[in-house]
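# Observations on the three-dimensional arrangement
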Amino acid sequence: MYGLIAQVGKFAIIGIIYYFLYNFLKIMVVDLLMDKQHPGETGYCLLDEDGREYPLFPVNTVGRASDSDIVIEDPFLSSKHALITKRGRNMLIQDLNSTNGTFVNGKKIKKPFKLRENDEVVLGDRKFKFLRRENRGIKNGGHL
Amino acid sequence: MELKMEAIYNKTISATALIGFIAFFLLSLKTVPFSPAPLYGAIAFSTIMFAGYFLTNHILYGQDPALFILSSFISQLGLIMLYRINPAAFSKQINWYALGVLAYILSSAIIKYWVKVKINPYFFLAATLVLLAMPLLFGVERGGSRSWIQLANYSFQPSELAKITFVLFLAEKLRSGKIESILRLSGEILAVTILLMMARDLGGAMLFYMTALAIVFAATSRMDIAAAGLAAAGTAAVFGYYLFGHVRIRVEAWLNPWQDVPGRGYQIVQSLFAIAQGGFFGTGLGMGHPEYIPAVATDFIFSGFSEEFGFMGAAALIVVYFLLVYRGIKISLSAKESFLALAALGIATMFGLQIFTIIGGVIKLIPMTGVTLPFMSYGGSSMVMSFISLGILNGIRQSGRGEEDDG
């Protein structure tokens, strides 16, 4: 009698064990999809003076125009003000012939300029800080 | 997405509990007359498991729930087999499991904050050497190797703790990715390996040595050192075969166990018989004869498991172990700092090698060496220390996550 029950139990247990494995397979798939979900994010961001943060993608247009990747409502900005692109491991900023110009660390830029961490970017009269996303918490923890 | 993940994790942990209830109910039916005692075991186990699951989910922010679920799943299969073999061992082991869960939570929480502290690597090396020398000086011999320390009624295996300190030593020492003096480093690794050889713990010596090679290779990515290390290990193995009797016995029992079935080959032959008896789906819980296998509660628990759960169960168990190592490697890859990445890699490698050594040993793929199957074998130090290692992995994962999410 017990033999029969043990046979049934054996298949039930093995079935549940494989159900367990199937769920872990799903977890692995979700894991891999999550890694892919933000393929664009470069890990860099622009931090506004008032603490707002704009994550950077491989290509970003900055300006007043509502179809810009980073829309900034400021009368001193041109509608297409600047372009930030990724090249290799670096981020380059480029002025798009804006009226008031683009400044990095106080200097007006003419050619595409390689941004480094903690650089200060001025567009119109707005100041931004160029940061790696994981460091922003440490350096700007005060207002976050 | 997070919610969906949580739902899947909840499903897996419920499936684990369900397996426990079915298996222990079968064991209840098997005892004549019907006794509910095994079911109490299942209730005790599920209570500890669910308490641990909810605590880790609520206390530990940014943790990896998979580590706890996978380890509990394996522990439960081990406990089912232990109850089957020896109910008295079960009641001891479930206490060790509870202690292990507690240690897991504590070590995860401590490591999360402790990673910021920098400790001199030689502190870890000294700790490793002292731990390994202790059983040589005042240990007791068991199963041919002198690696236990007896304290009143409890015996403790210091090499289990030494695994962690050794990994931390190498990770701290190689955090810059450069080797200052290769002679000095190899001397330090050899000192540790020789201490283990002196205790006749060959499996342990192999584990420590190969883990060291893996960490050195990951830190420096130098192929020449890895090749030289492997060549040295091969030479040492050949010399060991000719110089030491106990090495030769192990190797001969592996190459041809059938020439001396009642003697040297007895363990392996019984293990092979049991695995063969299991077939594809196993004999069913309680229908096999694990009592024929020597040391079935500790070293040969995998053969006992394959007999009753068959190839399907054993293959699934190996996949679960693989998932555990995969999570460890994943944590190592996502770690922000080289010390943490190397420590996580070392722990994952140690787990992987240990599982390979013992499962390979019982199925006669490699010579049998007496290391424990983590989470499954009967033994307190192995259970608690495996949980602490996983806790360290979890802490490393949390410290990586914390910076991302807090900011």
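In what follows, the structure referred to is the one given above.
Everything in this summary refers to the structure shown in the same document. Just so it is clear, the model here is predicted, and its values are computed rather than measured.

Here we come to a nonpolar patch on the surface. All names here are of chain A. Nonpolar side chains collect at one region of the surface, where Tyr19, Tyr22, Leu25, Val29 and Leu33 lie side by side and expose about 490 Å² of accessible area between them. Mapped onto the fold, Val29 is located in helix H1 (residues 2–37). Given a relative accessible area of 45%, Val29 falls into the partly exposed group.

Here we take up the sheet that holds strand S10 (residues 120–123) of chain A. Hydrogen bonds between backbone atoms are what pair the strands of a sheet, whose relative direction is either parallel or antiparallel. Residue and element names in this part refer to chain A. Strand order in the open sheet made by the 6 strands is S2-S1-S11-S10-S7-S8, with antiparallel pairing throughout. In this open sheet, the two strands that pair with only one neighbour each are strand S2 (53–55) and strand S8 (107–108). The sheet contact formed by strand S1 (residues 44–48) and strand S11 (residues 126–132) spans 5 bridges and is antiparallel. The residue bridging Leu46 from the neighbouring strand is Phe130, located in S11.

With respect to the helices and strands, the residue Ser68(A) is situated in the loop between strand S3 (59–63) and strand S4 (70–71). Look past the residues within four positions of Ser68(A) in its chain and what remains in contact with it is Thr61(A), Val62(A), Gly63(A), Ser79(A) and Lys80(A).

Residue and element names in this part refer to chain B. The end-to-end C-alpha separation of helix H7 (residues 182–198) is 24 Å, in line with the 24 Å expected for 17 residues at 1.5 Å each. Regarding H7, the residues found buried are Leu185, Glu188, Ile189, Val192, Thr193, Leu195 and Leu196. Each buried residue of H7 lies within a common arc of 155° when the element is viewed along its axis, so the set occupies one face. Along H7, the residues that are exposed and aim more than 90 degrees away from the buried face are Leu183 and Met198. Residues of H7 that are buried sit in contact with helix H5 (121–138), helix H6 (158–173) and helix H8 (202–220). Directly after H7, the chain includes Arg200, whose backbone phi takes a positive value near 60°.

All right, on to the environment of Pro374(B) then. Assignment of secondary structure puts Pro374(B) in the loop between helix H13 (338–362) and helix H14 (380–406). With residues up to four places along the chain from it excluded, the contact list for Pro374(B) reads Ile74(B), Tyr321(B), Phe351(B), Gln354(B), Ile355(B), Ser382(B) and Ser386(B).

It is worth spelling out the interface of chain B and chain A at this point. Taken together, the contacts link 41 residues of chain B with 30 residues of chain A. Regarding the contact of chain B and chain A, the summed buried area is about 3400 Å², with carbon and sulfur atoms giving 79% of it. The interface formed by chain B and chain A holds 0 salt bridges in total. In this assembly, chain B and chain A are joined by 5 residue pairs in polar contact (both at pLDDT 80 or more). It is helix H1 (residues 2–30) of chain B that contributes the most residues to the side of chain B that touches chain A, 16 residues altogether. Of the residues in the side of chain B that touches chain A, the class split is 26 nonpolar, 7 polar and 8 charged.

Turning to unusual backbone geometry, a few remarks are in order. Residue and element names in this part refer to chain B. Within the chain, Lys364 stands out as a residue other than glycine whose phi angle is a positive 65°. Here Lys364 is to be found in the loop between H13 and H14. On the basis of relative accessible area, Lys364 is assigned to the partly exposed category, the value being 26%. In this structure, Phe375 takes a positive phi of about 70° despite not being glycine. In this fold, Phe375 is placed in the loop between H13 and H14. Judged by its relative accessible area of 2%, Phe375 is buried.

Conventions and cut-offs
- Residues numbered from 1 in each chain as written.
- Chains lettered and ligands numbered in written order.
- Predicted model: local features only at pLDDT ≥ 70, side-chain atom pairs only at ≥ 80, totals over all residues.
- Heavy atoms only, no water.
- Patch = residues over 30% accessible without salt bridge, like charges linked within 9 Å, V, L, I, M, F, W, Y side chains within 5 Å.
- Areas by Shrake-Rupley, 256 points an atom, 1.4 Å probe, with all protein chains shown as cover.
- Salt bridge = Lys/Arg side-chain N within 4 Å of Asp/Glu carboxyl O.
- Helix = DSSP H or I, 4+ residues; strand = E, 2+ residues; numbered from the N terminus.
- Buried < 20%, exposed > 50% of the residue type's maximum accessible area, 1.4 Å probe, protein only.
- Pairing = 2+ DSSP bridges.
- Contact = heavy atoms within 4.5 Å.
- Expected span 1.5 Å × (residues − 1).
- Arc of directions from axis to C-beta.
- Buried area = accessible area lost by both parts, 1.4 Å probe.
- Polar contact = N/O pair within 3.5 Å; in protein donor to acceptor, adjacent residues only side chain to side chain.
- Nonpolar A, V, L, I, M, F, W, Y, C, P; charged D, E, K, R; others polar.

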